[in-house]
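# Architecture at a glance
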Amino acid sequence: MLSVIGVRFKEVGKVYYFDPTELMFNTGDEVIVETIRGVECGTVAIANKLVSEENITAPLKKVIRKATEEDKKIIEENHEKEARAFAVCEQKIKQHNLKMKLVDVEYTFDNNKILFYFTADGRVDFRELVKDLAYVFRTRIELRQIGVRDEAKMLGGLGICGRPFCCNTFLGEFQPVSIKMAKEQGMSLNPVKISGTCGRLMCCLKYEQDVYSSLLKTTPKIDAIVDTPDGKGKVVDVNLITGILTVSLNKSPDAAPHTYKATDVKVIKDGQIRLERSEIERLKKLEKD
């Protein structure tokens, strides 16, 4: 077992483990650490704890020190520089007529590098832009193309539910979401209904998927052939949450369907939830990062 602390470098970002040496830290403490990008300042998200070596990605870098008042002053100055760098970069993008959208700018703590995050529909030749930025700022420049999900996470906003984006408030990492989940949850496969502001499938589809998957194992699906107290019939509608089935009886196919509890019928042949090829083609863009 190794003693570690978990550190975040963004308010809602991935947690990375570091060796606290013999120091003790509390959640919320700001620390100076060495990363692959250089010296950085992060916030302790997980206080000192013991973790199995199997869960550690070696080598485990050490904490340099707890952030001082001078360190915090440098961070504030960097934020001011980032605002200026953002304006300069946008101007240079227009000058080079590049089809890209600047999303965020980040100075490393030691000022050895400036990272520019952008989105674009395809690949962008930004070599001349990098040269111009390096000439202006006299430091290493790195441009990173990100996806629309990452853009939403960085910028924040309100979802269709009226609440702040999950990715911007508490989701450290994106979870895989699929069209199949929306289908299994009985949602309309209308892109407007199942996609977030970013234009991709809503992250919240993942939250209840385990429950729906469990219910689907014990509840007859649409088109299932079942034996009811009133005879055999075909399931035409299902409410997974309540366990209520709507069944069209074979003996009176033109009559109004009857409703039954899932526990009151016996499945003769279950139905299947399938995605049609046309649905996959129409909605596949929603699954992209």
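Overview of the structure. Counting restarts for each chain, with residues numbered from 1 along the sequence as it is written. Totals for whole chains, interfaces and linings use all residues, but because this is a predicted model, local features are given only for residues with pLDDT of at least 70 and pairs of side-chain atoms are given and counted only at 80 or more. Heavy atoms throughout the structure, all of them, feed into the side-chain values; hydrogens and water do not.

## Describing helix α1 (residues 69-95)
As a reminder, the rule being used: Think of it this way: any DSSP run of H or I at least four residues long counts as a helix, any run of E at least two long counts as a strand, and we number them from the N terminus. Multiplying 1.5 Å by the helix residue count minus one yields the expected span of that helix. Each residue gets one of three labels from its accessible area relative to the maximum for its type: buried under 20%, exposed over 50%, partly exposed in between, using a 1.4 Å probe on protein chains only. Residue contacts are defined here by distance: any two heavy atoms, one from each residue, within 4.5 Å place the two residues in contact.
Under the 1.5 Å per step criterion, the end-to-end length of α1 is 40 Å for 27 residues, consistent within 8% with the ideal 39 Å. Within α1 the residues assigned to the buried category are D71, I75, N78, E82, A85, V88, C89, K92 and I93. Here the buried face of α1 lies against β3 (30-35), β4 (38-51), β5 (63-66), β6 (101-107), β7 (113-119) and α2 (127-137).

## Looking at the layout of surface pockets
So the rule is basically this: Only protein atoms enter the 1 Å grid, on which a cavity is a set of points fitting a 1.4 Å probe that cannot get out and a pocket is an open set with protein on both sides within 12 Å along at least 5 of 7 lines, lining residues being those with an atom within 4 Å of a point. Grid points are joined across faces, edges and corners, and a volume is the space filled by probe spheres set on the points. Each residue gets one of three labels, nonpolar for Ala, Val, Leu, Ile, Met, Phe, Trp, Tyr, Cys and Pro, charged for Asp, Glu, Lys and Arg, and polar for the others, Gly among them.
Considered as a void within the structure, the largest pocket measures approximately 1,700 Å³ in volume. Considering the residues around the largest pocket, the lining is formed by 49 residues, among which F9, K10, Y16, R37 and E106 are closest to the centre. At the level of secondary structure, the elements contributing two or more residues to the lining of the largest pocket comprise β2 (16-18), β3, β4, α1, β6, α3 (148-155) and α4 (166-169). Here the lining of the largest pocket gets six residues from one element, more than from any other, and that element is α1. Split into classes, the residues belonging to the lining of the largest pocket amount to 20 nonpolar, eleven polar and 18 charged. Of the voids in this model, the second largest pocket is the one considered here, and its volume is about 470 Å³. Lining the second largest pocket are 21 residues, and of these K183, K221, I222, Q272 and I273 lie nearest its centre. Elements that contribute at least two residues to the lining of the second largest pocket include exactly α5 (179-184), α7 (209-218) and β10 (231-239). Here the lining of the second largest pocket takes three residues from β10, the largest share from any one element.

## Some points on α3
Within α3, the full set of buried residues consists of R149, E151, A152 and K153. Taken together, the buried residues of α3 touch β6, β7 and α4. Where α3 terminates, the next one or two residues include G156, which has phi positive at roughly 75°.

## A few points about the pattern of salt bridges
Rules: We define a salt bridge as a side-chain nitrogen of Lys or Arg found within 4 Å of a carboxyl oxygen belonging to Asp or Glu.
For the structure on display, the rule yields 15 salt bridges. Among the charged side chains, a network of salt bridges with common partners joins E30, E69 and K72.

## Describing the pairing of β6
Heads up, the condition is: Strands were regarded as paired on the criterion that DSSP finds at least two bridges between them.
Summarising burial for β6: five of the seven residues are buried, a large majority. Where β6 hands over to β7, the hairpin turn is made up of five residues, of which N111 adopts a positive phi near 65°.

## Details of the sheet that holds β6
Condition: Only the contacting stretch of a helix is used when fitting its axis, a line to C-alpha atoms as for every element, and angles between N-to-C directions run 0 to 180 degrees.
If you walk across this open sheet you meet the three strands as β6-β7-β8, and the pairing is mixed. Each of the sheet's edge strands pairs with one partner strand only, and the pair in question is β6 and β8 (140-145). Strand-to-strand, the axes of this sheet are offset by a mean angle of 20°, without reference to chain direction. Of the strands in this sheet, β6, β7 and β8 are in contact with α2, which crosses β8 at around 140°. On top of the sheet, α3 reaches β6 and β7; it is set at about 60° to β6, its chief contact.

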